[in-house]
Amino acid sequence: MNVLEWSFVAAVLMAATPVLLAALGGALCAQAGVFNIALEGQMLWGAFAAVVGSHYSGSAWVGVLIALVSTAAFSAILAVGSARWAADPIIVAIGVNLLAVGLTGFGIRVLFDVSGTFSPPDLQGLHRMTFLDGVPVVGDVLARQSPLVPLAIVLALALAYWLSRSATGLRLRGVGEHPEAAGSLGVDVTAYRTTVVLAAGALCGLAGAQLALGNVTVFTENMTAGRGWIAVAAVMLAASRPAWVLVACVGFGAAEAFGFRLQGVGAPQQLADAAPYIVTLLVLVATRLRWLRRTREVAV
Amino acid sequence: MSTVDAAPKPPLFRAAVRHPAVVPVGAVLVAVLIGAVIMVASGIDPVRAYTGVVEGALATDNLDYTLSVFGLILGMAIVFAIPLRMGEYNLGGNGQLVLGGITAAAVGLYAPLPCALLVVAAVLAGAVAAGLFAAISAPLSERLGIPVIISTLLLSPIAVAFGSYLVRFRMTDTGSGVSQTPRLPDAAHLGTLGDLRYANVGLVLVLLVLVVFWLVDSRTAVGFELRTLGANRRFGAYGGVHIGRLNLGAMAAAGAVAGVVGAVMVLSPPYRFIDGALTAPGYTFAGVAAALLAGGRPLLLPLTVAVFTILQVGGAGMERDADVPRQLSEVLQAVVIIVLALRTVVEARRARTGRATT
Amino acid sequence: MTTPAVELVGIGKRFGAVVANDGVDLTLRRGSVHAVMGENGAGKSTLMSILYGLYRPDTGHILRDGRRVEFASPLDAIAERLGMVHQHFKLFDSMTVAENVVLGQEPRRSGRLRRSLLDRAAASARVTELAGRYGLAVDPGARVGTLPAGARQRVEILKALHREAEVLILDEPTAVLTPGEVRSLFAVIRRAADDGATVVLVTHKIHEVLDVSDEVTVLRDGVVTAHVRTADTTAAALVTAMTGRDVVPAQNTGRGEPGEPVLEVEHLAVSDGERTLVGDVSLTVRRGEIVGIAGVSGNGQHDLVATLLGTHRAAAGSIRIAGVDVTDASVRERRALGVAAIPEDRRGEGTAITMSVAENLALGHHRTPPIGASSGRRRGLLSGRAMRARAQELIADFDIRTASEQLPVGSLSGGNAQKLVVARELAHEAPLLIAEQPTQGVDIGAIEAIHRRLIGYRDDGHGVLLVSHEISELLALADRILVMLGGRVVAEFARSDATPENIGAAMSGADQAVRA
């Protein structure tokens, strides 16, 4: 088994991208003070919408667009519920996650009369960037990827820059840190929160599209398989800073890709299934231990 | 500050509107309506579908099976409800369930114990294993600040994978090509109730757990402290409640109940641990929905669990009679939860009219 | 006569059954300092919230330079050149002074692509310019979270000035300031008024009104009870207008001999990991005495009492309660040894507003008879009947106004909720009572009742540690007064030696001679 080759880096990025896109959405929400744990369900909806869109239009990009728009619309439940109506975002999100599982399963039954998996032979996946073939390093890493992979990385860096340097980024951070203060300065807290939750929905739509049309070309019931939760953990790990979210997600991608390689050399599939969660938990515990050592004040 | 009399409302009306059952019933009604809209949009006759649900669940032939599912969902509802009392969300029910089930299977298969003892030992072992596992989340939350909702969700798939590994590689029934354990010996089978085929002693066990939960919740200092933390955690800390210990106890208890449910499932027909069979029916999240709907209150649980059991079991009937995909049950569960969460709008509006400030 | 800068005409506002403002008129003249006075609950905050667009009035209207204006939100008020400095600062601790000042109205970079970017240099320059013009010393690059209260307030004022406020509303601006900081704030206020600004000073401190204002309006129970030029009034007249009678504060008359110590603190230090919150505090409280702790809010008093009760951990030093070392003990162990506590934050820590009055009165008593049982067959069980019976006793004894002990605490008024907390804690008969701001935000009647109870508790032979930000309250109740500044005890006075002046001086650090 060799992990020191470019194809491994490519596998890491591929595994990391859906999680990264969703986690960026979660980070935006956290910066605005919304604890968004509906990423899992929204990503699943995005995957479903992408496959449906691609199937009916015959174009993967139409699928991506439909995933983007419809997942943003789907996230309106959380946006309106928690940002506008002040409902408990955790309970709404539990409902949204369950709703996504139900609706997508229901959807493939009603639309295509299949159960579990929908993968028509003519389903269009996202194009690989084959024009990079032969380019050293870059080609090795990106030629077999969809354009959403580099887009996710660029988005992470752009969001980091935007949050720290732009006026709207400053206001967004203000909304998260002290909503009342931001409101008293004329910043519309509800509008900011509604917008970021919708934006997170759009990002989850992209994440789902990458998962269902980029990583593979199929929709399976519950195919997100906990990636949305890893994304939530990544947001926690990174303290909601997009650049660190990128680091955390690449780490997760490495765990998943490494798990696959282990399976290739005969390790049980269950280890590969559990690896990302084990790694995420261990890193979470390690960073929290460091944090604990720094702040001694513990409530009893 | 001077006050004037509020406009009087008839007390009976006010009592009726404030009754704790109003919100759950309303949420279910709204969900049923939304479900009907979804069905009409999908070209399905909602009346036929709902008739299918009720008949599927409550027809005399099916009552036995419905009752057994009621027990399992009730168990998983308690799993979520116990930590909910102190304001924590245990979403790791699947992992806890699987760990309890696989442990019970291991004891049932390998422990050299006589008949009556074997069943008891298997159930207890399942409870202990799942309880210890769930308890991990308490120190993670109290000492490291990782929310219970996150740690339970991350721990759950690890336990599911572990169970799956054991049944695939260590405890597998080599004769069948399926990922399942051998059939447990007769000594490890749960007792039956009369001539019922599905509902067995497991249902009684879960009902006993509910009674204990109710007694602890309403009649003990620990139950009072749990509810106090749920209402205001800082108030509890200031009043001398040991938050860490209670959280540990609540998570361990919740895990233990999940372990019991897992054990019950494995010690009932077909008396095997089958890979994926414990989590596939979705009892965990049906339990979550039922517990949220009941606000974690033990005495409301049987009612809300009944609603979701009918949806769950009736879903199959609906599929058979009206050709409506079973997944609609999940949609309805989800809608109930969302409607419930959005009820705050109504409450906030009510509070605004009665708010006092300077 | 010129048109006033702002006129409030016939303002009325009610919240449910509570009338907060009733036909209030207020005229603010350009270039003057106008004090708005009243006790807690008199309707000052509601009136200012209406002026600043946070609430809409039920009746009446607002004139700005003679024009009728409608404020749907603070944005409209800001657009009309109104600025407000809130009592509780609304600042972003993680951001710099300059970011705090410009947020919402940021200077942008030039160029089509860069227009959405913040121009940090321009923001800093703007802060430096405004600070120079009004004599407000701040560093535009400093993180606001690291600044002391006085500097944080200056940031708040700069926020209003950045938005070119002509009418500046200051809500209880001196509550968190040392006397020295108050003096420089008043200098800034004068300078702004002389410069043509209109300043509204909301306060309940009479000497401040007399010191700095040109005109006073007094509110009581939502109506105006006096509107005079400051030069034409006296402290006594203002008190009468505020309270409707001449106040005779509950006086601590007579005292027994202090008995054995119930609290001994030696070299206690508390830290949050980065800053020292409490440093090297030693103090003793004996049976039969009330020991007061004076200090401006945020000088470590809250961290001290939280550490004494056990909700915070000590970094160094030792705590003995009733002779037993409890430095590492849990809250429950300490309470069992004999501490009771009235917390500062009634809604956040002292009650659970969704639980019933009876349940709120039971917490802490629920493991001892008659409600619970500490040992024997019934150990760990709870008697609902005993809980309700005990609640009814306390409700009667402490005159808590509620229709039933089954109602949620959220339905009680502030004064009654506070009486509930006092009742619950005094019922412990604990040798040591820690009372933190026990009369904050409650009406005069409740204040007197609580003061009487505290003195009675002392007279029954218990020890009381009383934290208050009101010098008058400490002078009325305490047998000894310690002064905290920057997390340390900097002075100690016997009651006979204490005056508002020497306590005030110690609170501000001006008097370093009298070291404890």
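These lines cover the structure that appears in this document, whether it is placed above or below. It should be emphasised that the depicted structure is a prediction, and the values quoted were computed from it without experimental measurement.

About the cut-offs
Residues numbered from 1 in each chain as written. Chains lettered and ligands numbered in written order. Predicted model: local features only at pLDDT ≥ 70, side-chain atom pairs only at ≥ 80, totals over all residues. Heavy atoms only, no water. Contact = heavy atoms within 4.5 Å. Buried area = accessible area lost by both parts, 1.4 Å probe. Salt bridge = Lys/Arg side-chain N within 4 Å of Asp/Glu carboxyl O. Polar contact = N/O pair within 3.5 Å; in protein donor to acceptor, adjacent residues only side chain to side chain. Helix = DSSP H or I, 4+ residues; strand = E, 2+ residues; numbered from the N terminus. Nonpolar A, V, L, I, M, F, W, Y, C, P; charged D, E, K, R; others polar. Buried < 20%, exposed > 50% of the residue type's maximum accessible area, 1.4 Å probe, protein only.

### Re the interface of chain A and chain B
Taken residue by residue, the interface counts 44 residues in chain A and 46 residues in chain B. At the boundary of chain A with chain B, total buried surface from both sides reaches about 3,800 Å², with 82% on carbon and sulfur atoms. Of all residues in chain A, A:Leu98, A:Phe106 and A:Gln270 give up the largest surface area on contact with chain B, accounting jointly for 18% of the area buried on that side. For A:Arg109, the salt bridge identified is with B:Glu319, shortest N-O distance 2.6 Å. There are four residue pairs in polar contact (both at pLDDT 80 or more) connecting chain A and chain B. Elements represented by at least two residues in the side of chain A that touches chain B include exactly helix H4 (76–84), helix H5 (89–112), helix H11 (227–237) and helix H13 (269–294) of chain A. Take the side of chain A that touches chain B: its biggest share by element is 15 residues, from H5(A). Here the residues of the side of chain A that touches chain B sort into 32 nonpolar, seven polar and five charged.

### Some thoughts on the interface of chain A and chain C
Each partner contributes to the interface: chain A provides 25 residues, whereas chain C provides 32 residues. Summed over both partners, the interface of chain A with chain C comes to about 2,400 Å²; 58% of that surface belongs to carbon and sulfur atoms. For the salt bridge of A:Glu180 with C:Lys90, the shortest nitrogen-to-oxygen distance reads 2.9 Å. Taken together, the links from chain A to chain C amount to eight residue pairs in polar contact (both at pLDDT 80 or more). Breaking the side of chain A that touches chain C down by element, the ones donating at least two residues are helix H7 (148–165), helix H8 (167–177) and helix H9 (179–184) of chain A. A per-element tally of the side of chain A that touches chain C places H8(A) first, with six residues.

### Notes on the pattern of salt bridges
Scanning all chains against the criterion turns up 45 salt bridges over all chains. With its nearest N and O atoms 2.9 Å apart, the salt bridge here joins B:Glu88 to B:Arg233. Here B:Glu88 is found in the loop between helix H4 (60–85) and helix H5 (93–110), whereas its partner B:Arg233 is found in helix H11 (residues 233–238), with 145 residues between them in sequence. Look at B:Glu88 and you get buried, because its relative accessible area is 10%. By relative accessible area, B:Arg233 is classed as partly exposed at 28%. Across the salt bridge formed by C:Asp399 and C:Arg401, the nearest N and O atoms sit 3.0 Å from each other. In this structure C:Arg401 comes out as exposed when scored by relative accessible area, which is 55%.

### Some points on the side chain of C:His451
In this fold, C:His451 is placed in helix H15 (residues 444–459). With relative accessibility at 7%, the residue C:His451 sits in the buried group.

### Digging into unusual backbone geometry
In this structure, B:Pro270 follows B:Pro269 across a cis peptide bond, with omega equal to 5°. Inspection of the secondary structure puts B:Pro270 in the loop between helix H12 (243–266) and helix H13 (283–293). The phi angle at C:Asp65 is positive, at roughly 50°, despite the residue not being glycine. Residue placement: C:Asp65 occurs in the loop between strand S4 (59–64) and strand S5 (67–69). The backbone of C:Asp280 sits at a positive phi, close to 50°, despite the residue not being glycine. Inspection of the secondary structure puts C:Asp280 in strand S12 (residues 276–286). Residue C:Asp280 is classed as partly exposed on the basis of its relative accessible area, which comes to 46%.

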